[in-house]
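# Chains, contacts and geometry: an overview
Here is what each chain is made of, one letter per residue.
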Amino acid sequence: MNVKNVIPYASTMLLIVGMMTLLCGCWDNKDINHRALPIVMGIEKSEDDYQVYLLIPMKDQDKNSALVVSDKGTTINEVIDKMNKNLEMQIDLLHLKIIIFDRSIAEKGLNDSLSSFMRAGDVSPKTIVTITEHKLRPLFERMNAASLNNGISLYDYFEKNAGWSPHLAQTRIWHVFRSMQSETKDVPVPLISAGKATALESSGSAVLRKGIMVGKISSDETLMFNAFAGMGSQGKIEVMNQASVLIVSDTLSHSTSLVENTPVLNSKLTLKVTIIETKGSPTATLIQQELEELWTARYIRMFRKVQSNRADILGLGQLFRNKIPMDRLKYWRDDYYPRLKFNFRIHAIIQNEGLLKMKE
Amino acid sequence: MELLEHLRNRQRQDADLFIHRIFLDRYPVTLVGATSLIDLPQTVKLLQTQVRHVVASESPLLAISGGIGERIGQEELVKVFEAITEGKLIIIPDNADPCIKLFPISRKLSRSIEAPMTENVLRGGISAFTEDLDTNIGIVKKQTMTDKLRIHTYWLGSGLRRKATLLYMDGAVNSSFLRELQLAVESHSTQDVPDLQTLNTMLGFTRWSLVTRFNTTELPENASFALNEGKVVMFLDRLPFAIVLPSLVGDMFASDNDRNYPLFFMLAIRLLRIVGVLINTLMPGVYVALVSVNPDVLRIELAMSIAGSRVGVPYPAIVETVLLLVTLELILEACIRLPKSIGTTITMVGGIILGQAVVEARLVSNVLIIILAATTIASFTVIGFHNAISIRISKYVVLILSALFGVLGLFAGMIVISAYLASISSFGVPYLSWPRSKEQSDG
């Protein structure tokens, strides 16, 4: 390559490199240490305004501390902007892990805030949604005081590979958003409050119907929901003061039919359990029978409760989508679901009988 | 005596030239040659013996020309001087007869066969090539005991002459590649080749190539494997390396010496080298992209610890990274230049600078130190220093694009590098192709 060829080649390269540096907008990039990365966001209504709380872990490596920031405004974005103005860092909601809504907001509906989060994309759709029945400020103070590791560990409360337990619903923004859009599926949302020794405590789940809170289920009922959704393993069940068993795995099978416009659902839940504790010396068959009866009754009770709320958290409508015409699907919650005949059967398999045999 | 006049003139400018008159039997002759290249007493002894045999058979002196040398007319000055430069002995009879060029006993100017200096062998042949061309060819011939080995010798250059030898395996070599290579060598044979860069231009490759077009190896084993694979091996006089053409991407990861290990280890080692190259090219870019453009990709725990380590660091991530990368490159370069006895000093000083002081001074974050240490170590897992250099360059492309466009830029950088590698081919053999022997040839 001689000099004559080099000059146009080099100038083209210079032009490309120059354009790339001048036009890329990379001067707006903020380094990670100049961003505030909130872990928890709390939203409550005070009069007509939103009161927003953020729990921001501080980045000092040696100290474990977090900062609770709160402000008021008519929209959530306005509040965040106000906080941005006052903080020395830029708030970056991408790492937000938990959103806590006040119960009064949930009863009016989470639709506005959640659909704006989904649309704007500044909050990850994976963020856990929770509802609290108490005031947010004491909750945030408790979280700040009790949490280890700058508050990052709060997220572990909901993490399946960390502190999550099957008594707790695990609902993310996109689950709620899906329930808002879907005709046939609703979600439970965990109800939390400040713990006494721990940072958080759960008192069951709120039942959301199209993003609006319509009822409550208890922690045990949440375990049944999780077992129904296939996430019940490691959950423990007490059987009539005689034994407690641990769910090892659960499988569910359904058959559906539409008899004279009345949906009929036959479900069979197979639970593989191991016995972890017994009182006296019950036989395996006895425990199995009692477990089956107890849980079937509880399931039916929970189902009646959510059925009366007209919230299909078990997603049973999904099973009828191929039976109900498309244009009738929107009546699922109000017409078909309240009339649904739910025949539920539990089959329990006890996997370790050794302990019982020893006691005989 | 016109020739002798010329030689005396030359001697005034070239003290190395000897012009020595002796009697061979009863004929007075003049011996001319380069003192530094010819062992004169031994050569004279050899000549005397040979002349005695000739005389015993009662033939005239000139008959020795038929036996031990070749004739050059006294008027062919250029040829005479060329022969002297090549280290030959010229015998000029006192009468006007043509002079005789013959192979003298030359001084030993190259080292003996030693262990390789730039490549380490853990399992396999340890002798390495030397500066002497004929020794090298001998070593290769000994390594590849076959009658299919073909050898072509060329003299390259006009002012600065250099001998080059092409070796290939008949039947295995890609014939169109060989033809084009030979054509390139023959058509540029008057061009001087003082270094491998000019060899590059002589063979018609672009000078701005970021990837070496020929591999060099010090190990006869590798050269012989390359020959069997159908590659062409080229030796240059005074270069203790075999030049293997064409260079393919696989040569970066797969050394033939690996075949001396069990198959599983061979595959694992090669995988490790690929991982090494990926770490080396991508890690600095990943760091900058994740720290300054897309922190959302990180897990929150990692994000917080990186953010914590960067508190108080004055420069943006890209400046920080470039700063430390340049320091590392300086250390690498210094290590090559330094004599071995001072080498430990640089390790110590470099260790102090990079290990502790930079972090304590809050110039860079300590996560970056870990990443760059991994990067530097990883860059030398590839085979051959020439390949290590090319991947050292490519990481800067990825780094800059990542600083501008984040994770997107990282992938753009990978695509740019892949596209560049795909664009390279030498004499019709693409760089991104696997070596295949003749039998598997697809056309």
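Because the structure is a prediction, the values reported are computed rather than measured. (Residues numbered from 1 in each chain as written. Chains lettered and ligands numbered in written order. Predicted model: local features only at pLDDT ≥ 70, side-chain atom pairs only at ≥ 80, totals over all residues.)

Across its full length, chain A holds 10 helices and 14 strands. Rg of the C-alpha trace for chain A: 26 Å, well past the compact-globule value of 21 Å for 360 residues, more than 25% over. Classification of the 360 residues of chain A by burial places 37% in the buried group. Within chain A, counting contacts between residues at least 6 apart in sequence, those at least 24 apart form 68% of the total. (Helix = DSSP H or I, 4+ residues; strand = E, 2+ residues; numbered from the N terminus. Rg over C-alpha atoms; globule rule 2.2 N^0.38 Å. Buried ≥ 20, exposed ≤ 12 C-beta atoms within 10 Å, placed from the backbone. Contact = placed C-beta atoms within 7 Å.)

Across its full length, chain B carries 15 helices and 12 strands. In summary, chain B has a C-alpha radius of gyration of 29 Å against a globular reference of 22 Å for 443 residues, an excess of more than 25%. Counting every position in chain B, which comprises 443 residues, the buried fraction comes to 34%. By sequence separation, contacts in chain B at least 24 residues apart represent 65% of the contacts at least 6 residues apart.

Glancing now at the domain arrangement of chain A. Residue and element names in this part refer to chain A. Domain parsing of chain A yields domain 1 (30–217) and domain 2 (219–360). The centre of domain 1, based on its C-alpha atoms, is set 30 Å off from the matching centre of domain 2. Listed as interface residues are 19 residues of domain 1 and, on the opposing side, 25 residues of domain 2. Looking at which element gives the most residues to the side of domain 1 that touches domain 2, the answer is strand β9 (residues 200–209), with 6 residues. Split by residue class, the side of domain 1 that touches domain 2 holds 9 nonpolar, 6 polar and 4 charged. (Domains from an automatic or database assignment. Nonpolar A, V, L, I, M, F, W, Y, C, P; charged D, E, K, R; others polar.)

Another aspect to go through is helix α15 (residues 385–423) of chain B. With 39 residues, α15(B) should cover 57 Å at 1.5 Å per step; its first-to-last C-alpha distance of 22 Å lies more than 12% under that length. At F405(B), α15(B) shows its maximal kink, close to 145 degrees. (Expected span 1.5 Å × (residues − 1). Bend = angle between axes of the 7 residues up to and from the residue.)

Sheet strands pair by backbone hydrogen bonding; their relative direction is either parallel or antiparallel. All names here are of chain A. As summarised here, the arrangement of the 4 strands in space is β11-β12-β13-β14, forming an open sheet in which the pairing is mixed. Since the sheet does not close on itself, it has two edges, and those belong to β11 (236–239) and β14 (341–350), each with one partner. Direction aside, the axes of adjacent strands within the sheet are offset by 40 degrees on average. With 16 bridges joining them, strand β12 (residues 243–259) and strand β13 (residues 262–278) adopt antiparallel strand pairing. (Pairing = 2+ DSSP bridges. Axes fitted to C-alpha atoms, helices over the stretch in contact; angles between N-to-C directions.)

The next subject is the interface of chain A and chain B. With 20 residues of chain A at the contact, the number on the chain B side is 22 residues. Each residue belonging to the side of chain A that touches chain B can be placed in one class, and the counts come to 10 nonpolar, 5 polar and 5 charged.

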